[in-house]
Amino acid sequence: MKRDIITSAIGILVLTLLLGIGYPLVITGVSQVAFPGNANGQKVYVDGKLVGSKIIGQAFADPVVKNGKVQMSDGNPVTTPDPRYFQTRPSGTTPADNAAGTAFANYGPNSVVTEQAIAANIQAYIALDKAPGGTPYYPGGLTAAKIPVDAADTSASGIDPDISIANADIQAYRIAAVRHLSLSTVHRMIATYTAGRGLGFSGEPGVDVLELNLALNRLSGGR
Amino acid sequence: MTFFGWLTIFLFVGLLTLFAIPLGRYMAAVYTGGHTIFDRFFGVPERLLYRVLRVDPTKGQDWKAYAKSLIIFSLAGWLLLYFILRTQTLWDFTGLNPQHFHSGPWNVTFNTTSSFMTNTNWQYYGGETTMSYFSQMAGLTVQNWLSAGIGIVVAVALVRGIVSRSGTSLGNFWQDLIRTILYVLMPLTVVYALVLVFQGSIQNFASYLTVHGITGLSQTIGMGPVASQEAIKLLGTNGGGFFNTNSAHPFENPTAFTNFLEMLSVLIIPAALVFMYGRMSGNRRQGYAIYSTMMIMFLGAVIVCYIAEAHGSPAQHAAGLHTGAIAGSAGGNLEGKEQRFGIAGSSLYDVVTTVTSCGAVNSAIESFTGIGGAVPFANLSASEVIFGGVGTGLYSILLYVLLAVFIGGLMVGRTPEYLGKKIEAREIKLVSLGILITPLAALFCTALATASKAGRASIDTAIAHGPQAFSETFYAYLSQANNNGSAFAGYTGFIQPNAGSLGSHGVTFADLLGGFDMTFARYAPILFALAVAGALAGKRVSPAGLGTMRTDNPTFVVLLIGVIILVGALTFFPALLLGPIVQGLTGHLY
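Predicted model only: the values in this text are computed from it and were never measured. (Residues numbered from 1 in each chain as written. Chains lettered and ligands numbered in written order. Predicted model: local features only at pLDDT ≥ 70, side-chain atom pairs only at ≥ 80, totals over all residues.)

## Thoughts on the overall build of chain A
Summing up its helical and strand segments, chain A has seven helices and 11 strands in all. In summary, chain A has a C-alpha radius of gyration of 23 Å against a globular reference of 17 Å for 223 residues, an excess of more than 25%. Across the 223 residues of chain A, 50% fall into the buried class. Intrachain contacts of chain A at a sequence separation of at least 6 include 54% that bridge at least 24 residues. (Helix = DSSP H or I, 4+ residues; strand = E, 2+ residues; numbered from the N terminus. Rg over C-alpha atoms; globule rule 2.2 N^0.38 Å. Buried ≥ 20, exposed ≤ 12 C-beta atoms within 10 Å, placed from the backbone. Contact = placed C-beta atoms within 7 Å.)

Structure, rendered in structure tokens:
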């Protein structure tokens, strides 16, 4: 008994030093030397300013300004999606795309709340597809059945950096019209920023929204 | 469903088997004193650790001494972890708390500490909003290693008890633990952590990034030593995420390739242990029989889950979505799932982590369809014997094997024997207790939480009611009893109004009940498994005759699957009917 207690006490301290301090320090050291870009979060800079991480989704939206004041709700600015940019997937975090407090939305499969949330996402997606006059950018207009699931379903992390190719192809009509680009140019850019399946078979292809939007800005100006 | 989805699933099974066989051979050498390629590398630190810990590795322990060392060491781990988590700000001098997070409330800490000691990794806390880097490393990561090691050594001790021909020794706990850490976990974990960083996981001690996006919105991005924790979290079937959204977070699981690798890393040790058992028992076919049993049940679960998730959910259909595959989108129930993993990569991950006691998730299980969500329920109801946690899976299924041998013996009217050893009243009593104690804990706690006002406080009635609310509750205590740790995450034990824990409070009832649920359902089966090992060690081995029931052929595999399903169904079916099955059978919204 006494022997076990002494061994346990020494053991837990020694192993904490070895596995809790030594091991992470070694991995950090090697990573910082061998893969500094990845280890620090794949930061993206524009004109020397940090604009995001390549693999973290963010909201491409503008703050709503009323009477010269940014509208706030629960301490976060109220925003509206910016039609000049491809939009990421719906997010379950507060505020949307919060990369310092990720959370699942936890919508159940048979729940009215879920149906309402999905319906709201569909409405927002269709609304964004309408030009100021009310005509849809997408030929023939969008209906719920035409919208790919990733555009209406909340992502898991709340900061999904990718959208499906089908989702990007629909948004391409809006982007081309708003930015006065040809549709084929936008499609070419989507293809450039599409990552294929892992090892050629695992997962689904995804379009990295941040990289795509930054490329659009380089081509046809930011603000 | 897509061609690539099915291809992923079948390639996964093939590669897992391919890698597990040599690892099993290696592990058999590690635990039988054979030569390994790492002897020269780890020999010196191994002997040094024995000297520092003052243990004599040559001294064998009977089951009681083995259990005593194990319990006392676990207790020491609990105390240190609780201390570290309660005094989080005390360690600011290390510079490893750049966000200046305060400790969580005591009840949440109690739950978290019990959770990591028991290899459960249930998360009532939010990783990136409450835990300092120091707590994650010196606290949580350490228990990721040790709880995995303890699971493995119990399995090894049981195997020794089953195969030993003389004496009462099950080996030496300290030697087994240190050899597990150095020879099995260390090489795999170090290489794996670096591969994760190579693929895009982060590994730094920086404070959170503040970025100014191109539309002028700012975003804060959590940082930290993620890859080092992620690697052992998966290899040790732990599952406690560095971030709140666990392996769905792009920094924990950056690509579809890492997703595949993460699934392999969860199952590789549990699968290898089965092959190791075959070698140590002197008849590799015993290992193959158990592996087949596990694999058949695993594939069944994956196929059902994938089909259900690819079909989509009633809520999606009611909102008018088309959930079939179209050009550029695979469709399906993508609610709570990530685009890069897709439906197949999320369904497979879910099954991989719920058959093992790994609580990692790469998608929101609460958002799975009724049938897709019933699959993790069924996996947990099988008491983590389909591969199971590292070690826990092997010792749990060996208890089921003994039960199946007993039932088979009754059917043919002979004294049941396993590997030549008679299975008698004492063994069967211990086996039955070992098997029934986990369901008992799960159902007792679920009933208590459902029937009491304090228990229902954990349900967010704004988004969950009816069967969904019951599913949440049941899953919480089932997952904690099985030391799994995955969650229908709407069920909460912690109210956190802001990042940094200020003003937050725990739901005491859920925290305490969960903590006891996990601890009881972890250590009681361990004690019974060790007691069985003690009862079998040194038993006389009678030579196999014509009438001996074979335990290494397809007939036995069928019998074993039958016993596992029967026990699971008899204990859990009524409760399952009230939650996930009701939801799976209806298109109705409520």
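Structure shown, so let's carry the discussion forward.
## Here's the deal with the overall build of chain B
When its secondary structure is counted, chain B shows 19 helices and six strands. In terms of overall dimensions, chain B has C-alpha extents of about 75 × 55 × 50 Å along its principal axes. Residues classed as buried in chain B amount to 64% of the 590 residues present.

## Quick notes on the nonpolar core
Counting residues in hydrophobic clusters, the biggest one holds 251 residues, and the most contacted among them are Leu-158, Tyr-400 and Val-532 of chain B. No other element matches helix H6 (residues 133-163) of chain B, which puts 20 residues into this core. Taken domain by domain, this core gets at least three of its residues from each of domain 1 (2-39) and domain 2 (57-220) of chain A. Sequence-distant contacts of Tyr-400 of chain B, that is, excluding residues within four places in its chain, are made with Val-385, Ile-435, Leu-560, Val-563 and Ile-564 of chain B. (Core = buried A, V, L, I, M, F, W, Y, C linked by C-beta atoms within 7 Å. Domains from an automatic or database assignment.)

## So, the interface of chain A and chain B
Contacts between the two partners involve 99 residues from chain A and, on the opposite side, 110 residues from chain B. Tallying contributions element by element places helix H1 (residues 2-34) of chain A first for the side of chain A that touches chain B, with 21 residues. Along the lines of polarity and charge, the residues of the side of chain A that touches chain B split into 50 nonpolar, 35 polar and 14 charged. (Nonpolar A, V, L, I, M, F, W, Y, C, P; charged D, E, K, R; others polar.)

## A short note on the sheet that holds strand E10 (residues 194-195) of chain A
All names here are of chain A. Spatially, three strands are ordered E9-E11-E10 in an open sheet, and the strand pairing comes out antiparallel. The open sheet has two edge strands with one neighbour each: strand E9 (162-163) and E10. Judged from the two bridges that link them, E10 and strand E11 (residues 206-208) form a sheet pairing that is antiparallel. Across the sheet, the residue bridging to Thr-194 is Val-207, located in E11. (Pairing = 2+ DSSP bridges.)

## Let's talk about the domain arrangement of chain A
For chain A, the assigned domains read domain 1 (2-39) and domain 2 (57-220). On a C-alpha basis, the centres of domain 1 of chain A and domain 2 of chain A stand 42 Å from each other.

## Quick word on unusual backbone geometry
That bond from Thr-94 of chain A to Pro-95 of chain A is cis: its omega, -15 degrees, falls within 30 degrees of zero. Here Pro-95 of chain A is to be found in the loop between strand E8 (79-81) and helix H3 (112-128). Phi at Ser-383 of chain B takes a positive value of approximately 55 degrees, unusual for a residue other than glycine. Structurally, Ser-383 of chain B can be placed in the loop between helix H13 (370-381) and helix H14 (392-412). Even without glycine at this site, Asn-483 of chain B takes up a positive phi of about 55 degrees. Mapped onto the elements of the fold, Asn-483 of chain B is located in the loop between helix H17 (467-481) and strand E5 (494-495). With 31 C-beta atoms counted inside 10 Å, the residue Asn-483 of chain B sits in the buried group.

## Some remarks on the packing of helix H1 (residues 3-31) of chain B against helix H9 (residues 256-280) of chain B
Residues and elements named next belong to chain B. Running from N to C, H1 and H9 point in directions that differ by 50 degrees, and their axes come no closer than 7 Å. Relative to H9, the element H1 is oriented oblique. Helix-helix and strand crossings are classified by hand; for H1 and H9 the assignment is right-handed. Across the interface between the two elements, Phe-12, Leu-15, Leu-16, Phe-19, Ala-20, Ile-21, Leu-23, Gly-24, Arg-25, Met-27 and Ala-28 of H1 pack against Met-263, Leu-264, Leu-267, Ile-268, Ala-271, Ala-272, Leu-273, Val-274, Phe-275, Met-276, Arg-279 and Met-280 of H9. (Axes fitted to C-alpha atoms, helices over the stretch in contact; angles between N-to-C directions. Parallel < 35°, antiparallel > 145°, perpendicular 65-115°, else oblique. Left-handed = near helix turned anticlockwise from the far one by under 90°.)

## Description of H3 of chain A
Residues and elements named next belong to chain A. Given a rise of 1.5 Å per residue, 17 residues ought to cover 24 Å, and the 24 Å separating the end C-alpha atoms of H3 matches this to within 8%. If you check which residues of H3 are buried, you get Thr-114, Glu-115, Ala-117, Ile-118, Asn-121, Ile-122 and Tyr-125. Take H3 and look down its axis: the buried residues cluster within an arc of 165 degrees, on one side only. (Expected span 1.5 Å × (residues − 1). Arc of directions from axis to C-beta.)

## Considerations on the pairing of strand E2 (residues 49-53) of chain A
All names here are of chain A. Sheet topology note: the strand E1 (residues 43-46)/E2 ladder contains four bridges and is antiparallel. Across the sheet, Val-46 pairs through a bridge with Lys-49, a residue of E2. Where E1 folds back onto E2 in an antiparallel hairpin, the turn is made up of two residues, including Asp-47, whose phi is positive at roughly 50 degrees.

## Points about helix H7 (residues 173-199) of chain B
The first and last C-alpha atoms of H7 of chain B sit 37 Å apart over 27 residues, in line with the 39 Å expected at 1.5 Å per residue. Among the residues trailing H7 of chain B, Gly-200 of chain B stands out with phi positive, at a value near 130 degrees.

## Looking at the environment of Gln-286 of chain B
Within the secondary structure, Gln-286 of chain B sits in helix H10 (residues 284-311). Among residues more than four places away in sequence, those in contact with Gln-286 of chain B are Tyr-277, Gly-278, Ser-281, Thr-551 and Asp-552 of chain B.

## Some points on the environment of Ala-489 of chain B
You can see Ala-489 of chain B is positioned in the loop between H17 and E5. Of the residues examined, Ala-489 of chain B has 24 C-beta atoms within 10 Å and is grouped as buried. When the C-alpha positions of Ala-489 of chain B and Ile-459 of chain B are compared, they lie 10.0 Å apart, and in sequence the two are 30 residues distant. In this structure, Ala-489 of chain B is in contact with Phe-104 and Asn-106 of chain A together with Ala-364 and Glu-366 of chain B, ignoring residues within four places of it in sequence.

## Concerning the pairing of strand E1 (residues 209-212) of chain B
Both faces of the sheet carry side chains from a regular strand, because those side chains alternate between them. Residue and element names in this part refer to chain B. Pairing of E1 with strand E2 (residues 218-221), which is carried by four bridges, proceeds in the antiparallel orientation. Residue pairing for E2: Val-211 is matched across the bridge by Gln-219. In textbook terms, the turn of a hairpin is the stretch between consecutive antiparallel strands, and for E1 and E2 this stretch comprises five residues, one of which, Gly-216, has a positive phi near 100 degrees.

## A look at the confidence of the model for chain B
With 99% of its residues at a pLDDT of 70 or more, chain B shows a mean pLDDT of 94. If you check the scores for this complex, the pTM reads 0.95 and the ipTM reads 0.96. (pLDDT = per-residue confidence, 0-100.)

## Considering the packing of helix H15 (residues 425-451) of chain B against helix H18 (residues 508-536) of chain B
Helix-helix packing is characterised by the crossing angle of the two axes and by the distance between the axes. Residue and element names in this part refer to chain B. Contact geometry of H15 with H18 gives a least axis separation of 8 Å together with a crossing angle of 175 degrees. Relative to H18, H15 is oriented roughly antiparallel. Only Leu-513, Asp-517, Phe-520, Ala-521, Ala-524, Pro-525, Phe-528, Ala-529, Ala-531, Val-532, Ala-535 and Leu-536 of H18 make contact with H15, whose side of the interface consists of Arg-426, Glu-427, Leu-430, Val-431, Leu-433, Gly-434, Ile-437, Thr-438, Ala-441, Cys-445, Leu-448 and Ala-449. When grouped by side-chain class, the residues that make up the contact of H15 with H18 number 19 nonpolar, two polar and three charged.

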